[in-house]
Amino acid sequence: VGFMEKEVKVRFLNKETNYSKYLEEALSFDTNDSWLFDDEIDNDVIWSLEDKRFSSFTYGLFLEDKLIGLMMVDFTDNEEQNLVFETSIIIHPEYRKCGMGNFLLQSVIQELQAKSKLISSLHATIYADNIPSQQLVLKNGFVFQKEGTMNNKLIYMYQCNLKEINKEKKMS
């Protein structure tokens, strides 16, 4: 994908030596970063990908060699051998509202679908006042599930059934 004649690419970061540096850099994009690391994630639950074991996957969005976005996909549940993951996305403020979040989300969904048929769904928990993130997930096949509260703020929960997306692609 070209962005002002520059190369935009998505990379799997878990195995990279600069992993922690990338996480810190992405956190600096936004002061409201409490959503990125949820204390309730069970780090004892490990899932295998390409003979490497991770409880979460982290993908970086790069413009040339500059990190401009990050997506974390955390294992949350195992429903009858169908794996469920929670997604979190952060994009550098200079690159918001120009398709970068969409490109990152679509790229990661395609990668997860290609890697495993066991991944059944992705979930997104979004603050009610974060309209751009709600529009992003709705545009990419997520559907509203319910509302709740987190950190005393109203949140909306969305789900994307990856197996349904695969069926729709085969039909079209």
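Use the structure listed above.
Residues numbered from 1 in each chain as written. Predicted model: local features only at pLDDT ≥ 70, side-chain atom pairs only at ≥ 80, totals over all residues. Heavy atoms only, no water.

Peer 1: Can you walk me through unusual backbone geometry in this structure?
Peer 2: If a residue is not glycine, its phi is most likely negative; likewise, a peptide bond is most likely trans. We note that Asn151 has phi near 55°; this positive angle belongs to a residue other than glycine. Relative to the helices and strands, Asn151 resides in the loop between strand 9 (143-150) and strand 10 (153-161). Using a relative accessible area of 52% as the deciding quantity, one classes Asn151 as exposed. For Asn152, which is not glycine, the phi torsion reads 60° and is therefore positive. Tracing the chain through its elements places Asn152 in the loop between strand 9 and strand 10. Judged by relative accessible area, Asn152 falls into the exposed class, the value being 82%. (Helix = DSSP H or I, 4+ residues; strand = E, 2+ residues; numbered from the N terminus. Buried < 20%, exposed > 50% of the residue type's maximum accessible area, 1.4 Å probe, protein only.)

Peer 1: Explanation requested: the packing of aromatic side chains in the structure shown.
Peer 2: Given two aromatic rings, their pairing is described by the distance between the two centres and the angle made by the two planes. The final tally for this structure, using the stated rule, is four aromatic pairs. On the basis of an interplanar angle of 55° and a centroid distance of 5.4 Å, the ring pair of Phe12 and Tyr59 is categorised as tilted. With a gap of 47 residues between them, Phe12 in strand 2 (residues 6-12) and Tyr59 in strand 5 (residues 56-63) connect regions that are remote in the sequence. Note on accessibility: Phe12 and Tyr59 belong to one class, buried. On the basis of an interplanar angle of 75° and a centroid distance of 5.6 Å, the ring pair of Phe144 and Tyr156 is categorised as edge-to-face. Taken as a pair, Phe144 in strand 9 and Tyr156 in strand 10 lie far apart in primary sequence, 12 residues in all. (Phe/Tyr/Trp six-rings, centres within 6.5 Å; stacked < 30°, edge-to-face > 60°.)

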